[in-house]
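Structural characterization, general
Residues per chain, in single letters:
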Amino acid sequence: MRLRAMQRLAVVAPLLMAVGMLAGCADLGYYWQSASGHLGVMRAARPVPQWLDDPATPAALRAKLELTQRIRRFAVTELQLPDNPSYTGYADLHRNAAVWNVVAAPPYSLTLKTWCFPVAGCVGYRGYYDEAQAKAEAEAQRLAGLEAAVYPVPAYSTLGWLNWAGGDPLLSTFIGYPEGELARLIFHELTHQLVYVAGDTLFNESFATAVERIGGARWLTTQASDAARSEYAQYDARRQQFRALTFATRRRLQAVYSSPQAVAQDWPAVEAMKREAMDAFRADFAALRSGWPPQRQAAYDAWAARANNAVFGAQAAYDDLVPGFEALYEREGRDWPRFYAVVKKLAALPKAERHAALLGGAPPANTAQRSGAQ
């Protein structure tokens, strides 16, 4: 799986969800923490030039901030992503996550529980700026009979709604990423400002993931040093191995939950097959992990430790439609404006139709069958 992408499941800033207060929503405590939490992030941000001019800024941070501005310019000029105040400021949050997400799913399904909000629509997560509150929400979901998990989210997008107030800042929670991963993250989050369909996390995340993959590869090929490309190759090799393992496990769990035993509601048999699949996943992960360097693998260890239906269900939001978007990009001649125009047409379709088109159904109307490369 794309581990960092799954960690970014808070695609929409919880502040946008706070619009619900204006609509008379009852859960005012949740919306208050969302609004105050995001405002705290914005208050911590300063323009990048101020950080660069400050003699107290560490040299390593200075270099990363300069790199992010080159990445941002590349996003605008080469990938045709929005040019606005986002990622022109930086905030040190003095914590290891921007927010913590809660996800939940039934015992024998990978379908995520959804929470519905104004602007964002219905999404398969609930974000908190306080880890303790997130853990309390997860426990409430478990008491309701669901499997739940909490995971840290290093970055999120306000979809461009707050560009008038300075936009989305760079954060200390991800500024230290390797160059290739940092580029992909910025491309991913800016893509959400280009097209966002309320209530369709799978479409939104797969689109942003496809853009970040294509754009990230181009950045590494044309802009990065040999050392940065080598560092990223090692990083990405481990990610691809882990992604293949979790993809296979997800397919195995889906087969269990649609098996004749599940149809017959023979839950003891389903539970036994589920346990066998999860045990195999953990054994395979342990074998895979033993071949990796000991450093910098804590995120994978944490993912595997909390793996359950909710975690595997959240992962699917970043995988299932990506090949369709990548094929669409090729079909449009690797031309970014043409590609984005067709994505916007897809976004206007009913959910089932847009998903069918990307999963191999009929191509969207008026797309050009053009070959070639940029």
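Residues numbered from 1 in each chain as written. Predicted model: local features only at pLDDT ≥ 70, side-chain atom pairs only at ≥ 80, totals over all residues. Heavy atoms only, no water.

As recorded in an unreviewed UniProt entry, the protein chain goes by the name Aminopeptidase, listed as coming from Variovorax guangxiensis.

**So, the overall build of the protein chain**
Helices and strands together make up the secondary structure of the protein chain, namely 16 helices and 8 strands. Evaluated residue by residue, the protein chain yields a buried proportion of 55% over its 374 residues. Partitioning the contacts of the protein chain with sequence separation of at least 6, the portion at a separation of at least 24 is 76%. When the accessible area of the protein chain is evaluated, it comes to approximately 15,300 Å², of which 57% is carbon and sulfur surface. (Helix = DSSP H or I, 4+ residues; strand = E, 2+ residues; numbered from the N terminus. Buried < 20%, exposed > 50% of the residue type's maximum accessible area, 1.4 Å probe, protein only. Contact = heavy atoms within 4.5 Å. Areas by Shrake-Rupley, 256 points an atom, 1.4 Å probe, with all protein chains shown as cover.)

**Overview of the packing of aromatic side chains**
Scanning all chains against the criterion turns up 28 aromatic pairs. By way of ring pairs, the aromatic residues F203, F207, F325, Y329, W336, F339 and Y340 are connected into one cluster. Directly above the aromatic system of Y30 lies the positively charged group of R126, at a separation of 3.8 Å from the ring centroid. Over the ring of F203 we find R354; its NZ or CZ atom is 5.5 Å from the centre of that ring. (Phe/Tyr/Trp six-rings, centres within 6.5 Å; stacked < 30°, edge-to-face > 60°. Lys NZ or Arg CZ within 6 Å of the ring centre and 35° of its normal.)

**Quick look at the pattern of salt bridges**
Taken as a whole and judged by the stated rule, the model has 18 salt bridges. Among the ionic pairs, E276 bridges to R252, the shortest N-O distance being 3.5 Å. A residue pair is termed long-range when its members are at least 10 positions apart, and E276 in helix α11 (residues 267-290) and R252 in helix α9 (residues 226-257) qualify at 24 residues. (Salt bridge = Lys/Arg side-chain N within 4 Å of Asp/Glu carboxyl O.)

**Some details on the sheet that holds strand β6 (residues 126-128)**
Taking strand neighbours across the sheet as the criterion, the 3 strands line up as β6-β3-β7 in an open arrangement whose pairing is antiparallel. The open sheet terminates on both sides in strands that have one partner only, identified here as β6 and β7 (147-153). Recorded for the sheet is a direction-independent mean angle of 25° between the axes of neighbouring strands. (Pairing = 2+ DSSP bridges. Axes fitted to C-alpha atoms, helices over the stretch in contact; angles between N-to-C directions.)

**Comments concerning the pairing of β7**
In terms of burial, β7 is largely enclosed, as 6 of its 7 residues are buried. When strand β3 (residues 99-105) meets β7, the two strands line up antiparallel, connected through 7 bridges. From the neighbouring strand, V99 faces β7, where its bridge partner is V153.

**Observations concerning unusual backbone geometry**
One non-glycine residue, Y87, lies in positive phi territory at about 65°. Within the element layout of this structure, Y87 appears in the loop between α5 (59-77) and β2 (89-91). The backbone of H94 sits at a positive phi, close to 55°, despite the residue not being glycine. Position of H94 relative to the elements: it lies in the loop between β2 and β3. Classification of H94 as exposed rests on a relative accessible area of 71%.

**Structural notes on the packing of helix α7 (residues 179-194) against helix α8 (residues 201-222)**
Contact pair α7 / α8: the axes reach a minimum separation of 8 Å and the direction vectors enclose 140°. As summarised for this structure, α7 and α8 are arranged oblique, according to the angle between their axes. Two packed elements cross with a definite hand, and for α7 against α8 that hand is right-handed. Contact residues: α7 offers E179, G180, A183, R184, F187, H188, T191, H192 and L194, while α8 offers N204, E205, F207, A208, T209, V211, E212, R213, G215, G216, W219 and L220. Grouping the constituent residues of the contact of α7 with α8 by class yields 8 nonpolar, 8 polar and 5 charged. (Parallel < 35°, antiparallel > 145°, perpendicular 65-115°, else oblique. Left-handed = near helix turned anticlockwise from the far one by under 90°. Nonpolar A, V, L, I, M, F, W, Y, C, P; charged D, E, K, R; others polar.)

**Describing the nonpolar core**
Counting residues in hydrophobic clusters, the biggest one holds 101 residues, and the most contacted among them are F187, F203, W219, F325 and F339. Sort the elements by how many residues they give to this core and α9 lands first, with 8 residues. Once you skip the residues sitting within four places of it in the chain, F203 turns out to touch V195, V197, L321, F325, V343, L346, A347, R354, H355 and L358. (Core = buried A, V, L, I, M, F, W, Y, C linked by side-chain atoms within 4.5 Å.)

**Focus on the confidence of the model for the protein chain**
Parts of the prediction with low pLDDT should not have their coordinates interpreted in detail. Of all residues in the protein chain, 88% have pLDDT values of 70 or greater, and the mean over the chain is 88. Of the regions scoring below 50 in pLDDT, residues 1-26 engages in 112 contacts with residues more than four places distant in sequence or in other chains. Scored below 50 in pLDDT, residues 361-374 makes 30 contacts in the model with residues more than four places away or belonging to other chains. (pLDDT = per-residue confidence, 0-100.)

**Observations regarding helix α3 (residues 28-44)**
For α3, built from 17 residues, the straight-helix expectation of 24 Å at 1.5 Å per residue is met to within 8% by its first-to-last C-alpha distance of 24 Å. When α3 is considered as a whole, its buried residues turn out to be Y30, Y31, Q33, S34, A35, G37, H38, V41 and M42. (Expected span 1.5 Å × (residues − 1).)

**Quick word on the packing of α8 against helix α14 (residues 322-331)**
Interaxial distance between α8 and α14 falls to 8 Å at its minimum, and their mutual angle equals 55°. The angle between α8 and α14 places the two elements in the oblique class. Considering how the two elements wind past one another, α8 and α14 form a crossing that is right-handed. Here α8 contributes F203, S206, F207, T209, A210, R213, I214 and R218 to the contact with α14, which in turn contributes V322, F325, E326 and Y329. Across the contact of α8 with α14, the residue classes tally to 7 nonpolar, 2 polar and 3 charged.

**A look at the sheet that holds β2**
With respect to topology, 3 strands assemble into an open sheet ordered β1-β2-β8, the strand pairing being mixed. Each of the sheet's edge strands pairs with one partner strand only, and the pair in question is β1 (45-47) and β8 (170-171). Of the pairings in the sheet, the one linking β1 to β2 comprises 3 bridges and is antiparallel in character. What sits directly across from P47, in β2, is G89. Helix-sheet contacts for α3 involve β1, β2 and β8, and the interaxial angle to β1 is about 35°.

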